[in-house]
Amino acid sequence: MAAPLTLLLIVAVTIRAALFRSSLAELIAERVEVVSPITAWKRVVEGLALLDLGVSPYSGDVFHETPLIIYMFHFLVDYAEITFMTFVFGALCVCICFFFIYLSLMPFQFRKQKFALEADRYPMDSLELIRSPKEMYYVPLKVAMFYLLNPFTILSCVAKSTCGLNNAVLALFFLSTIKGNVLLSAIFLCLATYQSIYPITLCAPAMLYFMQRQYIPVNFHRVSFWWFIVQYLFMYLGSLFVLICLSFFLLGSWDYLPSVYGFILSVPDLTPNIGLFWYFFAEMFEHFRLFFLCVFQINVFFYTIPLSIKLKEHPVFLIFMQLAVISIFKSYPTVGDVALYLAFLPVWSHLHRFLRNIFLVSCVLLACSALFPVLWHLWIYAGSANSNFYYAITLLFNVAQILLVSDYFYAFLRREHHLTNGLYLKRKDGSEATLILK
Amino acid sequence: MEAAHCQPPPREKWLLTEELVIRPLHSGDIYASFQFRTLWDTDFMRENKVSHYRLFPKSLGQVISKFSVRELHISFTQGYWRTMQWGQPFIPSPPGAELWVWFQDSVTDVDATWKELTNVLSGIFCASLNFIDSTNTVQPSASFKPLGLGNVTDHSFLRYATLPREIVCTENLTPWKKLLPCGSKAGLAVLLKSEKLFHSSFHSQAVHIRSVCQDWQCKTTSWELRQTLNSVFDLHNSGQTKREWSLFKMFSRTLTEACPLASSSKLYIDITDNPQGEQFELSPATSLLSQAVVLGDRRTFSVYDLTQETTFGTVRSLNLLIRWKSNEGEMLRPLLHAERYVAGYGLQTGEIHTLMYNNHPYRSFPVLLLDSVPWYLRLYIHTLSVTSKGKDNKPSYIHYEPSKDRVKPHLLEMLIQLPPNSVTEVTVQFERALLKWTEYPPDPNHGFYVGSSVISSLVPSTVAMHTNSTRERPLFSSFFPCKEESSYFVRIYTEPLLVNLPTPDFSMPYNVICLTCTVVAVGYGSLYNLLTRSFQIEEPNPGLAKRIANVIRRMRGVPPL
């Protein structure tokens, strides 16, 4: 396992190094699919230049990063090589985290399955659905490969988008959650929320995971349930408060709050990206703008409670679902966010027999990824297409992502159903049954 | 020959001076500059409201007292001043409308006062100055120092705005003429007929209000109102074959009398390039000559005094005729001139290049560059580069105010030292924003205008300038105050830019809302189904006959099939 992983790392670093040195790096750094007004490296440099000129970076509308990023890059931007290494290591961090995740996750899962089998909860014919250590041995390597060699991640890293940093923090949060360290999990989640608001929805799966691990029953009437929630939230909100105060002391003003969080929530910048917000709000009737803004933002947070109720025994899958929902419906998505939840897919490779639309979805995703730059060029440079062409591909890309996520959810629920009810179902008259959702 | 300096006449309460300067240009065109100055000893700021207006227009007087204005400069220009072909103008102005105002220290809310002032001026001049709002107003920190009295350091009382898209036409000329004491009935203003004035290559009319000192010690001050009108008439456009200009050809009118209210009414012709009369000849000839130091150069003028009856001759009308005999002569290259353009391709990014030429052979001088760029062109100040002769030229002072979307524009002011005989290039990259569909003007593919850059400088002069501003001097040489002898103040404006922005499809708002909501609903629907439904074994649907039979059976109370 160590040798293939090392080889994979070397290949990944080589590809990124080669692209960094080529002329493609500048081209990629300007692509709207890869960078957004929040994550662009050009804007980080601009913010630092404004700081050098003696003007607060938040007095204008170009810089929307958090003060800690200023603090970090103030020292690192002079060392371009180290910055480059940081980004590559940011990516490496993620895959190493996933690797360790699986090393730690696997024994827990196997134990759970063993107990269930022994308790006769699983019927005999669903034996083939149970995962064995042998088939799960290569999952960490596959996850690392999916993340490191994903063209989306490579583009995102070469563009020096701060999305890579966000992904690294989320991966560290995931690792500390799986390892069982409540404090670190709260701190990393707080860092991720501090950078972009949406990861706050990951509180719920983190708490569910810890409660499952510490054998606290998820019951509203139990004191231990509420006590654990209070503990976790106290750690989370405490670290968030500390971070916000630290940011205040960096520049001595609260200007960064409307510039960073007000910007993410109120979407004033309509630069095209792969998401749904830009064209919608470019063509919105002024009267309804606030209403639809609220609707779209609530849409991201709204699936947390229902999904948590349905998936309360499967917090890891819940994290995947939440990450996917955030990446699709956030206000300024980029391909780096998409790559994060795509990296999870090898973990659910045992669901492939229940997936229904995977061929269609992969074809649409590939086609859209190819068409994005083409139609952008036709609109912006050639002038022979207009914004509708690019918008159409955006719609298709998001529909494909939604189909992918709901397909995996369907497959997961179906496997759970078969695990408890048996794989080969028969109708009352003995003929083969079909399973529908009702 | 009368010397230019004489004892100033005893100061009256009101004083009106009018003059017209005609300068033939080397390209065959002719430059006419009108100035009408009213001086009034009064105090608008005192408690009792001023009620007796004689020569000073009441509308402007009320504007000054109501809005506590210290200085007001407004200009409307059609066309762009070509410095390389025409030299330096007496009163520079950018294309479109420009308004800059210094308010008194007593004003508490400058922004609200500015908004009201622009609306009132919009009514007075019949111009759409109401488009001036916070998105095109800036507060320059170093340029636009007051031209009148006052040592000011607090730039929060200064506001500057331009409207590069503003068109000037007869509707703006008429209220401007109404402000003159004699109107357009007598004096030089009879020449201001719109059909010829707007048939020119360049037309600029302006109003400047400021306080000036009355004497050398500046014990008393008076308010000065200057109305200026600059025009450049094109030789070929007016359908002429040989090079000959007359008042009738330029204005389709001749002068018949001076304004009775004016204490001085003069017509100056620049004959510096024609000392012995070998280039062109003037008729009717005049014996009056005047010398003045203007724009760093000593120029000689033939003077026609319109207050004298003899100027008009027996026909009682003055139709000045300038006939050229030879076409030689080199124009002196202006010491400072500038160009600006947009580089790049596509609708995503671009670069603004400003080039400043210092044509002095051995002296270098500093220039103050003011750039106000609208918010929808997002400037990246880290890409700013200033190079002279291929090498980096670091500005000694940079003041940058970044823009806020839909609130205020970018403001960039730099003090750059221009090396002698060189070109300095200032480049900065920008990104074009996609606006909301309601924010585009009616013709969105025409593009968006970016106002001219303003370059202010003290240019070394070949002739010693006079620093005593209260001396009796022709109006055209006394507009800019002169603080030192060896240099004169110059302000030049670059071209405005026309930049295209990416546009959304304007016919699609309803469609876009429906389609995007459909995609969100697809997500919501799939997740809703998976969350609220559970897997069940499908019971086959019985046929229609069986279903009807089951309904009847249920009614009978018998178990179904």
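About the thresholds
Residues numbered from 1 in each chain as written. Chains lettered and ligands numbered in written order. Predicted model: local features only at pLDDT ≥ 70, side-chain atom pairs only at ≥ 80, totals over all residues. Heavy atoms only, no water. UniProt positions renumbered as here; feature names shortened; annotations may be inferred. Contact = heavy atoms within 4.5 Å. Buried area = accessible area lost by both parts, 1.4 Å probe. Salt bridge = Lys/Arg side-chain N within 4 Å of Asp/Glu carboxyl O. Helix = DSSP H or I, 4+ residues; strand = E, 2+ residues; numbered from the N terminus. Nonpolar A, V, L, I, M, F, W, Y, C, P; charged D, E, K, R; others polar. Patch = residues over 30% accessible without salt bridge, like charges linked within 9 Å, V, L, I, M, F, W, Y side chains within 5 Å. Areas by Shrake-Rupley, 256 points an atom, 1.4 Å probe, with all protein chains shown as cover. Disulfide = S-S within 2.5 Å. Buried < 20%, exposed > 50% of the residue type's maximum accessible area, 1.4 Å probe, protein only. Axes fitted to C-alpha atoms, helices over the stretch in contact; angles between N-to-C directions. Parallel < 35°, antiparallel > 145°, perpendicular 65-115°, else oblique. Left-handed = near helix turned anticlockwise from the far one by under 90°. 1 Å grid on protein atoms, 1.4 Å probe; cavity = no way out; pocket = protein on both sides within 12 Å on 5 of 7 lines; lining within 4 Å. Points joined across faces, edges and corners; volume = space filled by probe spheres on them. Phe/Tyr/Trp six-rings, centres within 6.5 Å; stacked < 30°, edge-to-face > 60°. Lys NZ or Arg CZ within 6 Å of the ring centre and 35° of its normal.

By the naming in an unreviewed UniProt entry, chain B goes by Phosphatidylinositol glycan anchor biosynthesis, class T and is assigned to Astatotilapia calliptera.

As recorded by an unreviewed UniProt entry, chain A carries the name Phosphatidylinositol glycan anchor biosynthesis, class U and is attributed to Astatotilapia calliptera. Within the UniProt record for chain A, the comment given under Pathway (unreviewed entry) is "Glycolipid biosynthesis; glycosylphosphatidylinositol-anchor biosynthesis." Under the heading Subcellular location (unreviewed entry), UniProt records this for chain A: "Endoplasmic reticulum membrane".

Attention now goes to the interface of chain A and chain B. Listed by partner, the interface residues are 70 residues for chain A and 54 residues for chain B. Taking both sides of the interface into account, the surface hidden between chain A and chain B amounts to around 5,800 Å²; carbon and sulfur atoms contribute 67%. When residues of chain A are sorted by the area they lose upon contact with chain B, K42, E283 and L437 of chain A head the list and together hold 11% of the total. The interface formed by chain A and chain B includes three salt bridges. Across the pair E431 of chain B and R43 of chain A runs a salt bridge, and its minimum N-O distance is 3.3 Å. Among the secondary structure elements, those contributing two or more residues to the side of chain A that touches chain B are α3 (41–52), α14 (277–282), α15 (289–302), α16 (304–310), α17 (315–329), α19 (358–382), α20 (387–421) and β1 (435–437) of chain A. Per element, the largest residue contribution to the side of chain A that touches chain B is 13 residues, and it comes from α20 of chain A. Of the residues assigned to the side of chain A that touches chain B, the class counts are 44 nonpolar, 11 polar and 15 charged.

Together, L7, V11, I15, M145 and L149 of chain A give the surface a local cluster of nonpolar side chains, amounting to about 380 Å² of exposed area. The element best represented in the nonpolar patch is helix α1 (residues 2–21) of chain A, accounting for three residues.

This paragraph deals with the UniProt feature "transmembrane region" (unreviewed entry) in chain A. Residues and elements named next belong to chain A. Per the UniProt record, "transmembrane region" (unreviewed entry) is annotated on residues 82–105, 223–254, 260–281, 288–305, 317–345, 357–382 and 388–410. Between the C-alpha atoms that bound residues 223–254 there is a distance of 38 Å. The span itself is 91% helix and 0% strand. With 89% helix and 0% strand, residues 288–305 has its two end C-alpha atoms placed 27 Å apart.

The next subject is the state of the cysteines. Residues and elements named next belong to chain B. Evaluation of the coordinates by the stated rule reveals one disulfide over all chains. In this model C169 remains outside any disulfide bridge; the closest cysteine sulfur is found in C126, 8.9 Å from its own. Assessed through its relative accessible area of 33%, C169 is described here as partly exposed.

Attention now goes to helix α18 (residues 335–342) of chain A. Residue and element names in this part refer to chain A. Of all the eight residues making up α18, eight are buried; the element is thus mostly covered by neighbouring parts of the structure. Turning to α18, its buried residues are V335, G336, D337, V338, A339, L340, Y341 and L342. The elements touched by buried residues of α18 are α7 (139–148), α8 (151–158), α9 (163–179), α17 and α20.

Each pair of packed helices gets described by two things: the angle between the helix axes and the distance between those axes. Residue and element names in this part refer to chain A. In the contact formed by α19 and α20, the axes pass within 9 Å of each other and the chain directions differ by 160 degrees. In terms of orientation, α19 lies roughly antiparallel with respect to α20. Regarding α19 and α20, the two cross each other, and that crossing is left-handed. Tallied by class, residues from the contact of α19 with α20 come to 20 nonpolar, four polar and one charged.

Right, let's talk about empty space enclosed by the protein for a bit. Left-over empty space is what a probe sized like a water molecule reveals as it rolls over the atoms. A full pass over the atoms with the stated rule returns 12 cavities of 30 Å³ or more. In this structure, the largest cavity encloses a volume near 300 Å³. Taken together, 26 residues make up the lining of the largest cavity; nearest its centre are E30, V32 and T271 of chain A together with Q348 and E431 of chain B. Counting only elements with at least two residues in the lining of the largest cavity, the list comes to α2 (24–30), α3 and α19 of chain A together with β22 (422–432) of chain B.

Next up on the list: unusual backbone geometry. Backbone phi values are negative for most residues with the exception of glycine, while trans is the configuration of most peptide bonds. Residues and elements named next belong to chain B. Omega for the peptide link from S283 to P284 comes to 5 degrees, which places this bond in the cis form. Residue placement: P284 occurs in the loop between β11 (280–283) and β12 (289–294). Here R316, not a glycine, exhibits a phi torsion of approximately 60 degrees, which is positive. The topology assignment puts R316 in the loop between β13 (297–305) and β14 (321–324).

One pass over the full model with this rule turns up 77 aromatic pairs over all chains. Taken together, a centroid distance of 6.1 Å and an interplanar angle of 25 degrees make the contact between F317 of chain A and F409 of chain A stacked. Pair noted here: F317 of chain A is in helix α17 and F409 of chain A is in helix α20, with a separation of 92 residues, a long-range link. You can call F317 of chain A buried: its relative accessible area is 1%. Accessibility expressed as a relative area gives 0% for F409 of chain A, which makes it buried. Ring-pair connections join several aromatic residues into one group, and the members of that group are F152, W278, Y279, F372, W376, W379, Y390, Y391 and F397 of chain A. If you follow K42 of chain A out to its NZ or CZ, it ends over the ring of Y380 of chain B, 4.2 Å from the centre. One residue, R210 of chain B, lies across the ring of F479 of chain B, its end atom 5.3 Å from the ring centre.

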